Amino acid sequence: MRLLIRRDGAAVSAEAARIVQDAMASLDYPVLGLSTGRTVTGLYQELSRSHAAGELDFSRVTTFNLDEYVDLGPDHPSSFARFMHVELFSKINLDPSRINVPDGLAPDLEAHCLDYEALIQSSGGIDLQILGIGTDGHIAFNEPGSSLGSRTRLKALTDETRRQNASSFGREEKVPRVAITMGVGTILEARSCLLLAIGRDKAAAIRDSIEGPVTSQITASALQLHPNVTVVIDEDAAHLLRRRSYYAQVEEAELEMANRSTPAER
Ligand code: GLP
């Protein structure tokens, strides 16, 4: 796990945008896994800006969103489909046929979950999965107790998550009780993952995910099992980590090694 601690949210977004752009540049047909929430809005602004500046082309990119509320469609102002349209899709040149968001209005939700998994597979799998984290340590909507092998399915939301996400609904009672979410197992199959966290309210979840045991009670901790994860967080989200100074040393050492010229270059 690569852990990068940055000064503030803006620096987290800038670093995350660099990582996404590098991944896109290395692939002919990138498949990106996308997340919603306040944390990723800065990243999406950076990517939109690069696109507007003519530096980033999304025409060959396929996207899969992590989750959606059951009973909400793209026309609902609080749906994740709407969030993605407003924050990113309307600002870049993605081919609409390559955009995939779980459909909260699907007539047969269980069949839709199976189809979503199959679609990820037939697209060649996800190259880079962008993730935020809930205050209860969830990734996507994999609430505490989710199997670490879980696949795309329906999941009941905890009161904590419904409270955390209430702002876009006005009132907690309006937040749906069930969502469609990629599973932890689905996420672990992405070839690489990028986990972002900003702010003090994420500090405990980040500490438990990174320095705690792997447990279905904190589903982000499952990322410890993945061989290619980068975590980018700000100082506030990092403030409960015990080995903070060591993580900074690792980053310095990595930079030093990268800057070392090979014998052929000398
Ligand atoms: C929701 C989403 C998660 C996201 C989390 C964090 O619960 N399902 O994928 O990581 O919100 O949201 P925020 O970035 O607004 O704190």
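Residues numbered from 1 in each chain as written. Predicted model: local features only at pLDDT ≥ 70, side-chain atom pairs only at ≥ 80, totals over all residues. Heavy atoms only, no water.

Student: Hey, could you run me through the packing of aromatic side chains in this one?
Tutor: Two aromatic rings are characterised by how far apart their centres lie and by the angle between their planes. On inspection of all chains with the given rule, the structure shows six aromatic pairs. On the numbers, 5.2 Å between centres and 90° between planes, the contact of tyrosine 69 with phenylalanine 169 is edge-to-face. Residue tyrosine 69 is found in strand E4 (residues 67-69), and its partner phenylalanine 169 is found in the loop between helix H5 (159-164) and strand E8 (178-181); the two are separated by 100 residues along the sequence. The same class applies to tyrosine 69 and to phenylalanine 169, which are both buried. What links up through ring pairs into an aromatic cluster is the set Tyr69, Phe80, Phe141 and Phe169. (Phe/Tyr/Trp six-rings, centres within 6.5 Å; stacked < 30°, edge-to-face > 60°. Helix = DSSP H or I, 4+ residues; strand = E, 2+ residues; numbered from the N terminus. Buried < 20%, exposed > 50% of the residue type's maximum accessible area, 1.4 Å probe, protein only.)

Student: Could you clarify how one ought to interpret the layout of surface pockets in this entry?
Tutor: Rolled over the atoms, a probe sized like a water molecule indicates the empty space that remains. The computed volume of the largest pocket comes to approximately 590 Å³. What lines the largest pocket is a set of 30 residues, and nearest its centre among them are Thr36, Gly37, Arg38, Phe80 and Asn165. Secondary structure elements with two or more residues in the lining of the largest pocket: E4 and helix H3 (80-87). Of the residues that constitute the lining of the largest pocket, the class distribution is 11 nonpolar, 13 polar and six charged. The space that makes up the second largest pocket amounts to roughly 260 Å³. Surrounding the second largest pocket, 15 residues form its lining, Arg2, Ile19, Asp22, Ala23 and Thr230 being those nearest its centre. Mapped onto the lining of the second largest pocket, the elements with two or more residues apiece are helix H1 (9-25) and strand E9 (192-197). (1 Å grid on protein atoms, 1.4 Å probe; cavity = no way out; pocket = protein on both sides within 12 Å on 5 of 7 lines; lining within 4 Å. Points joined across faces, edges and corners; volume = space filled by probe spheres on them. Nonpolar A, V, L, I, M, F, W, Y, C, P; charged D, E, K, R; others polar.)

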